[in-house]
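Observations on the three-dimensional arrangement
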Amino acid sequence: MQSAGGSFRNASEGTCAFVTERLEQPTIENEDVLFKNYGTHRLSMVRGDGVWLYDDKGSRYLDFTAGIAVCSLGHAHPAVTEAIVRQAQTLIHCSNLYGVPAQLRVAKKLTEESGLGRVLFCNSGAEANEGALKLARRYGTRIRADKTKLISLPGAFHGRTFGALSVTPKPAYQAGFLPLLPDCASPPSLADVLQEIDARTAACIVEVIQGEGGVHPIPVSFLRDLQAKLREHQALLIVDEVQTGIGRTGEMFAFLQASLQPDILTLAKGLGNGVPVGAIVARQEVADVFDAGSHGTTFGGNPLAMAVVEAVLEVVSEPAFLKHVRELGEVLRAALEERFTNVTGRGLMWGFDVPIDAKEFVRLAEENGCLLTAVGPTRVRAVPPLILDKQHVDEFARCMDSILALPQVTVPARRQ
Ligand SMILES: *Cc1c(COP(=O)(O)O)cnc(C)c1O
């Protein structure tokens, strides 16, 4: 395998007959049959190939969203496709009433990579955090009955289910859903977070780099202080690597780069390359407070998801692959720093400030053939597939230059 040369890209170029046939289905324009919470879409995607997405009109886009840091191996990666096809022909689902051999192989790999003891599979990031919070409360209340407090950081995002939302201190996300889970604290500053930790604290949940919060790295010195203070109070450190995990930051997990030792680690996005799957990884002593019947899920750890995770981990855990992520990450960082301010992140997870409204910037990028996400009023995130090549970064840079040359952008007229 070469580094920045192009060997990690999807080699397949052709479109199979089945896909072509499906492309000819007419698109229904009216979205009124759907809930309105995702708004009205400008684009509808029908096909992907490596770092490229194709819409229903046949236009091609350089995908720097990767399904929100999910499709790390790009679209239609042969190893993933092969795993899905093979497993679909064998066994898709049997529930956790029965053992699923691949769960053991995947769990072994995740425990080896993380240094933690046990794994429980689920289906999404929010669900992984939900389970982690339940685990922390159960662990805490065995120490003392009122050890139930769950602490989160300013700017955190942990998901949309009630538990995960209770530790996501964003008024816009919580509006209309109160009251949330009792005994959750989201202090306004990092210093206040340290102050909040006491004998009643069950756990603190953190992202090493806050993704939805604007690709905001949490200072490593704070994370170490946090870990020490939590230990002092027999409280757990939950590291939410739903977005940063599985190679995104250039190591298997971002906590390794901060030399942390989480008690609980949560994973999802990059784990299944688009097939829904999540995982809670925990120290054995912590995991063991869940006994038969404590927690569960029908679909979690199903054979189809496990076959895909096995395929993904095989590729991503290669030292050469992670090195490629770090190298391309530096190439992308340089391209961003030449053009934008406040460029932060690591590996292939970057945030940057744009001179106009971020949503408008993303729209202009779309028009110029490149997909990005807005993560703040003037903040944009780039999380391309990890199989990215140097030529794709060049292409991205050209797209950014076209946007930056537009009169409404060059004259930084601030839009409301
Ligand atoms: C996306 C995300 C979640 C939620 O994951 P879902 O699969 O959307 O439920 C939780 N935590 C972090 C850090 C995330 O980025």
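Residues numbered from 1 in each chain as written. Predicted model: local features only at pLDDT ≥ 70, side-chain atom pairs only at ≥ 80, totals over all residues. Heavy atoms only, no water.

1. Some words on the environment of Asp353
Stated precisely, the cut-off is as follows: By the criteria applied, helices consist of DSSP H or I runs no shorter than four residues and strands consist of E runs no shorter than two, each listed in order from the N terminus. Per-residue accessibility, obtained with a 1.4 Å probe over protein chains only, is compared with the maximum for each type, and a residue is labelled buried under 20%, exposed over 50%, and partly exposed between these values. Contact definition: two residues touch when any of their heavy atoms are within 4.5 Å. Two N or O atoms form a polar contact when they lie within 3.5 Å of each other; inside protein one atom must be a possible hydrogen donor and the other a possible acceptor, and for residues adjacent in sequence the pair counts only when both atoms belong to side chains.
Turning to its location among the elements, Asp353 is positioned in strand E14 (residues 349–353). For Asp353, a relative accessible area of 22% translates into the label partly exposed. Separated by 14 residues in sequence, Asp353 and Arg339 have C-alpha atoms that sit 9.8 Å apart. Ignoring anything within four residues of it in the chain, the contact list for Asp353 reads Phe340, Thr341, Asn342, Thr378 and Arg379. Looking at Asp353, its side chain comes within polar contact range of the side chain of Arg379, at 2.9 Å.

2. What to know about the confidence of the model for the chain
Predicted coordinates in areas of low pLDDT are best not read in detail. Short version of the rule: Each residue carries a pLDDT score, the predictor's own confidence in it, on a scale running from 0 to 100.
When the pLDDT values of the chain are averaged, the result is 94; 92% of them are 70 or greater. Across residues 1–6 the pLDDT falls below 50, and counting only partners more than four positions away or on other chains, this stretch makes 15 contacts in the model. Here residues 11–18 is modelled with pLDDT under 50, and outside its nearest four sequence neighbours on either side it reaches 5 contacts, counting other chains as well.

3. Side note on the sheet that holds strand E17 (residues 379–382)
Note on sheets: strands pair through backbone hydrogen bonds, and any given pair is parallel or antiparallel. Quick note on the threshold: Here the rule is simple: two strands pair whenever DSSP picks up at least two bridges between them. Axis lines are fitted through C-alpha atoms, for helices just across the contact stretch, and the angle between N-to-C directions can take any value from 0 to 180 degrees.
Spatially, 4 strands are ordered E13-E14-E17-E16 in an open sheet, and the strand pairing comes out antiparallel. Where the open sheet ends on each side, the last strands, each with one partner, are strand E13 (341–346) and strand E16 (373–376). Here the average twist between neighbouring strands, direction ignored, is 25°. Bridge count between E13 and E14: 4 bridges; the pairing is antiparallel. Residue pairing in the sheet places Gly345 in a bridge with Trp350 of E14. Against the sheet, helix H13 (residues 319–339) makes contact with E13 and E14, and its axis sits at roughly 5° relative to E14, the strand it touches most. Of the strands in this sheet, E14, E16 and E17 are in contact with helix H14 (residues 358–367), which crosses E16 at around 170°.

4. Focus on the pairing of strand E12 (residues 278–282)
A regular strand carries its side chains on alternate faces of the sheet. Across the 5 residues that make up E12, a large majority, 5, are buried. Neither face of E12 is exposed, since Gly278, Ile280 and Ala282 on one face and Ala279 and Val281 on the opposite face are all buried. Bridge count for strand E4 (residues 118–122) against E12 is 5 bridges, and the pairing is antiparallel. Bridge pairing in E12 links Cys122 to Gly278. The pairing of strand E11 (residues 264–267) with E12 spans 4 bridges and is classified as antiparallel. Residue pairing in the sheet places Leu265 in a bridge with Val281 of E12.

5. A look at the site of the ligand
Quick reminder of the rule: Each residue is tested against the molecule or strand, and it is near if at least one of its non-hydrogen atoms lies within 4 Å. Note on areas: these come from Shrake-Rupley sampling with a 1.4 Å probe, and a residue is covered only by the protein chains present in the view. All residues other than Ala, Val, Leu, Ile, Met, Phe, Trp, Tyr, Cys, Pro, Asp, Glu, Lys and Arg, Gly among them, are scored as polar; the first ten of these are nonpolar and the last four charged.
Around the ligand sit Ser124, Gly125, Ala126, Asn129, Phe157, His158, Gly159, Glu207, Asp240, Val242, Gln243 and Lys269, and those are all the residues in its vicinity. One nitrogen or oxygen atom from the main chain of Phe157 is found 3.4 Å from a nitrogen atom belonging to the ligand. Residue Lys269 places a side-chain N or O atom 2.6 Å away from an oxygen atom belonging to the ligand. Alone, the ligand offers 380 Å² of accessible surface; in the complex the protein occludes 81% of this. In terms of residue count, the dominant contributor to the shell around the ligand is helix H5 (residues 125–143) (3 residues). Looking at the shell around the ligand residue by residue, the classes come out as 3 nonpolar, 6 polar and 3 charged.

6. What about the packing of aromatic side chains?
Stated precisely, the cut-off is as follows: Classification of ring pairs rests on two measures: the distance between centres of Phe, Tyr or Trp rings, Trp counted by its six-membered ring, which must be within 6.5 Å, and the angle between planes, read as stacked under 30 degrees, edge-to-face over 60 and tilted in between.
Scanning all chains against the criterion turns up 5 aromatic pairs. Relative to Phe396, the ring of Phe64 has its centre 4.4 Å away and its plane inclined at 5°; by these criteria the two rings are stacked. Linking Phe64 in the loop between strand E3 (60–63) and helix H2 (66–69) with Phe396 in helix H15 (residues 390–404), this pair joins segments that are 332 residues apart in sequence. The exposure class assigned to Phe64 is buried, which follows from its relative accessible area of 0%.

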